[in-house]
Amino acid sequence: MQITVNDEPREVHARTLGAILDELGYGKARVATALNGFFVPATQRSVKAVDEGAVLEILAPMQGG
Amino acid sequence: MKFYGTELSSRLMLGTAQYDSPAILADAVKAAQAGVVTVSLRRESAGAQAGQAFWSLIQSLDVPVLPNTAGCHGVREAVTTAQMARDVFGTNWIKLEVIGQGDLLQPDVFGLVEATRILTEDGFQVFPYTTEDLVVAERLLRAGAEVLMPWGAPIGSGRGLNNLFGLRALRGHFPDVPMVVDAGIGKPSHATAAFELGFDAVLINTAVAKAGNPAEMAKAFRLACEAGLAGYAADPMEERDMAVPSTPTLGLARTLGGEML
């Protein structure tokens, strides 16, 4: 199915957020996720269903002021 | 002075952005003996390791982190970013920025109050980046903030404390609220001035990161903060409009320059 990841169109097969992260290659990376504008905690990713057309944000630690 | 129950090892908070290399950042944090470092979140593509490498570096420095919501221009965006930051960094602390005006990166104080309320109810301990406005401060405290972060001047401007009267009034009006002067500090003397006004900490980024020698500037800021804090604690004298001789006049010779007075 087609979803949008960090503003980029992506084709994925997995149907849960956790599995999609694995499929996209994030593995065990320390990232935060939001689905369709709503925060999804790491503890809920494995059961969080993702539908066609979903908008996914994946954020990582970065320098900040 | 405690920030949400935590006594910091130093009143100098240091931002981690804009350094030319991770090594320069690490040297600056060590030279500053920073009590807190600020961090953020950004998009990263799969396979990219910058974020993970940065987080490893920060962990190795063993300094408490204060995540921010930099770049957020709305309440919902700031709240979601704060929630994501808590998930990644494992702290309830959040430096809450809701930017309302692009040229000056001026806080949207209305959105800031609303986001503070939402995040406090969600268990966050909010450090709101605000102006020196007393009424806004009152609303932020009512919304649940127990720390305030008034700006000295616009972010990255290096202009120092733009509104001394306003900052002094804010400090005087809420004497028991921990306050951090955040943004606009460009030189060590600006940091000293903030402490001399009675502020409890300063947050500095660009002034150190963009100095010719960041580690030396970090050290200078550390010393400036210590000087300002110690000076304020020592209860400075009152200013006067007229001169008062510092050398005792009692017993002064009656002749000066060979002339009898």
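Residues numbered from 1 in each chain as written. Chains lettered and ligands numbered in written order. Predicted model: local features only at pLDDT ≥ 70, side-chain atom pairs only at ≥ 80, totals over all residues. Heavy atoms only, no water.

**Some remarks on the overall build of chain B**
1) Next: Per the secondary structure count, chain B includes 9 helices and 14 strands.
2) Next: For chain B, the spread of C-alpha atoms along the three principal axes comes to 90 × 40 × 35 Å.
3) Next: Sorting the 261 residues of chain B into buried and exposed places 50% on the buried side.
4) Next: Within chain B, residue pairs in contact and separated by at least 24 positions form 65% of the contacts whose partners lie at least 6 positions apart.
5) Next: As presented, chain B carries roughly 12500 Å² of accessible surface, and 53% of it is formed by carbon and sulfur atoms.
6) Next: When the 20 basic and 28 acidic side-chain charges of chain B are each reduced to a single mean position, those positions are 1 Å apart. (Helix = DSSP H or I, 4+ residues; strand = E, 2+ residues; numbered from the N terminus. Buried < 20%, exposed > 50% of the residue type's maximum accessible area, 1.4 Å probe, protein only. Contact = heavy atoms within 4.5 Å. Areas by Shrake-Rupley, 256 points an atom, 1.4 Å probe, with all protein chains shown as cover. Lys, Arg positive; Asp, Glu negative; His and termini not counted. Charge placed at Lys NZ, Arg CZ, Asp CG, Glu CD.)

**Points about the environment of Ala28 of chain B**
Residues and elements named next belong to chain B.
1) Next: Here Ala28 lies in helix H1 (residues 22–32).
2) Next: For Ala28, a relative accessible area of 0% corresponds to the buried category.
3) Next: Measuring from C-alpha to C-alpha, the distance between Ala28 and Ala209 comes to 8.1 Å, with 181 residues separating the pair along the chain.
4) Next: Ignoring any residue separated from it by four or fewer positions in sequence, one finds Ala28 in contact with Leu14, Tyr19, Val208, Pro214, Ala215 and Ala218.

**Quick look at the packing of aromatic side chains**
All names here are of chain B.
1) Next: Tallied over the entire structure, the rule returns 3 aromatic pairs over all chains.
2) Next: Cation over ring: Lys95 sits above Tyr129, and NZ or CZ is 5.8 Å from the ring centre.
3) Next: Looking at Arg171, its charged tip hangs above the ring of Phe199, at a distance of 5.8 Å from the centre. (Phe/Tyr/Trp six-rings, centres within 6.5 Å; stacked < 30°, edge-to-face > 60°. Lys NZ or Arg CZ within 6 Å of the ring centre and 35° of its normal.)

**Brief notes about helix H9 (residues 214–233) of chain B**
Residue and element names in this part refer to chain B.
1) Next: Taking 1.5 Å of rise per residue, the 20 residues of H9 would be expected to cover 28 Å, and the 28 Å separating its terminal C-alpha atoms lies within 8% of that figure.
2) Next: For H9, every residue scored as buried is listed here: Pro214, Ala218, Phe221, Arg222, Ala224, Cys225 and Gly228.
3) Next: Where H9 is buried, its residues touch strand S3 (12–15), H1, helix H7 (188–196), strand S12 (201–204) and helix H8 (206–209).
4) Next: Just downstream of H9, Asp235 is the residue with a positive phi angle, here 65°. (Expected span 1.5 Å × (residues − 1).)

**Regarding the nonpolar core**
1) Next: Counting 79 residues, the largest nonpolar core has Phe3, Met13, Phe127, Val202 and Ile204 of chain B as its most contacted members.
2) Next: A per-element tally of this core places helix H3 (residues 75–89) of chain B first, with 7 residues.
3) Next: Not counting residues up to four positions away in its chain, the partners in contact with Val202 of chain B are Arg11, Leu12, Met13, Val180, Val181, Ile185, Ala191, Ala194, Phe195 and Cys225 of chain B.
4) Next: Membership of the second largest hydrophobic core comes to 18 residues, among which are Ile3, Val5, Leu35 and Ile58 of chain A. (Core = buried A, V, L, I, M, F, W, Y, C linked by side-chain atoms within 4.5 Å.)

**Thoughts on the side chain of Gln52 of chain B**
1) Next: Residue placement: Gln52 of chain B occurs in helix H2 (residues 50–61).
2) Next: For Gln52 of chain B, a relative accessible area of 14% corresponds to the buried category.
3) Next: Non-local contacts of Gln52 of chain B, meaning those with residues more than four positions away in its chain, are made with Ala29, Arg30, Val31, Ala60 and Pro61 of chain A together with Glu44 of chain B.

**Topic: the UniProt feature "domain: Thiazole synthase ThiG" (unreviewed entry) in chain B**
1) Next: According to UniProt, the positions carrying the feature "domain: Thiazole synthase ThiG" (unreviewed entry) are residues 3–248 of chain B.
2) Next: When the span residues 3–248 of chain B is considered, its composition is 42% helix and 17% strand, and the gap between its end C-alpha atoms is 45 Å. (UniProt positions renumbered as here; feature names shortened; annotations may be inferred.)

**Quick word on unusual backbone geometry**
Glycine aside, residues mostly have negative phi, and peptide bonds are mostly found in the trans state.
1) Next: Positive phi values are uncommon outside glycine, yet Asp7 of chain A reaches one of about 75°.
2) Next: One non-glycine residue, Tyr4 of chain B, lies in positive phi territory at about 50°.
3) Next: Mapped onto the secondary structure, Tyr4 of chain B falls in the loop between strand S1 (2–3) and strand S2 (6–7).
4) Next: On the basis of relative accessible area, Tyr4 of chain B is assigned to the buried category, the value being 13%.

**Considering the side chain of His190 of chain B**
1) Next: The residue His190 of chain B is located in helix H7 in this model.
2) Next: Residues contacting His190 of chain B, with those up to four places away along its chain left out, are Gly158, Arg159, Gly160, Leu161, Gly184 and Ile185 of chain B.

**Remarks on the pairing of S12 of chain B**
All names here are of chain B.
1) Next: Here S12 shows no split at all, with Ala201 and Leu203 on one side and Val202 and Ile204 on the other all buried.
2) Next: In terms of strand pairing, S3 meets S12 through 3 bridges, oriented parallel. Following the sheet pairing, Leu12 is matched in S12 by Val202.
3) Next: In the sheet, strand S11 (residues 180–182) pairs with S12 via 3 bridges, with the strands oriented parallel. When the sheet's bridge partners are listed, Val181 is paired in S12 with Val202.
4) Next: Handedness of the crossover is the feature at issue here: the chain leaves S11, passes through H7, returns alongside S12, and the resulting connection is right-handed. (Pairing = 2+ DSSP bridges. Right-handed = clockwise from strand over helix to strand, strands pointing away.)

**Points about H7 of chain B**
Residue and element names in this part refer to chain B.
1) Next: Taken together, the buried positions of H7 are His190, Ala191, Thr192, Ala194 and Phe195.
2) Next: Contacts from the buried residues of H7 go to S11, S12 and H9.
3) Next: Of the residues trailing H7, Gly198 is marked for its positive phi of about 105°.

**Comments concerning the packing of H7 of chain B against H9 of chain B**
All names here are of chain B.
1) Next: Look at H7 against H9: their axes get within 8 Å of each other, and the N-to-C directions meet at 25°. In this view, H7 runs roughly parallel relative to H9, as classed from their interaxial angle. Viewed along their axes, H7 and H9 form a crossing whose handedness is right-handed. Along the contact surface, H7 presents Pro188, Ala191, Thr192, Phe195 and Glu196, while H9 presents Met217, Ala220, Phe221, Ala224, Cys225, Gly228, Leu229 and Tyr232.
2) Next: In terms of residue class, the contact of H7 with H9 is built from 10 nonpolar, 2 polar and 1 charged. (Axes fitted to C-alpha atoms, helices over the stretch in contact; angles between N-to-C directions. Parallel < 35°, antiparallel > 145°, perpendicular 65-115°, else oblique. Left-handed = near helix turned anticlockwise from the far one by under 90°. Nonpolar A, V, L, I, M, F, W, Y, C, P; charged D, E, K, R; others polar.)

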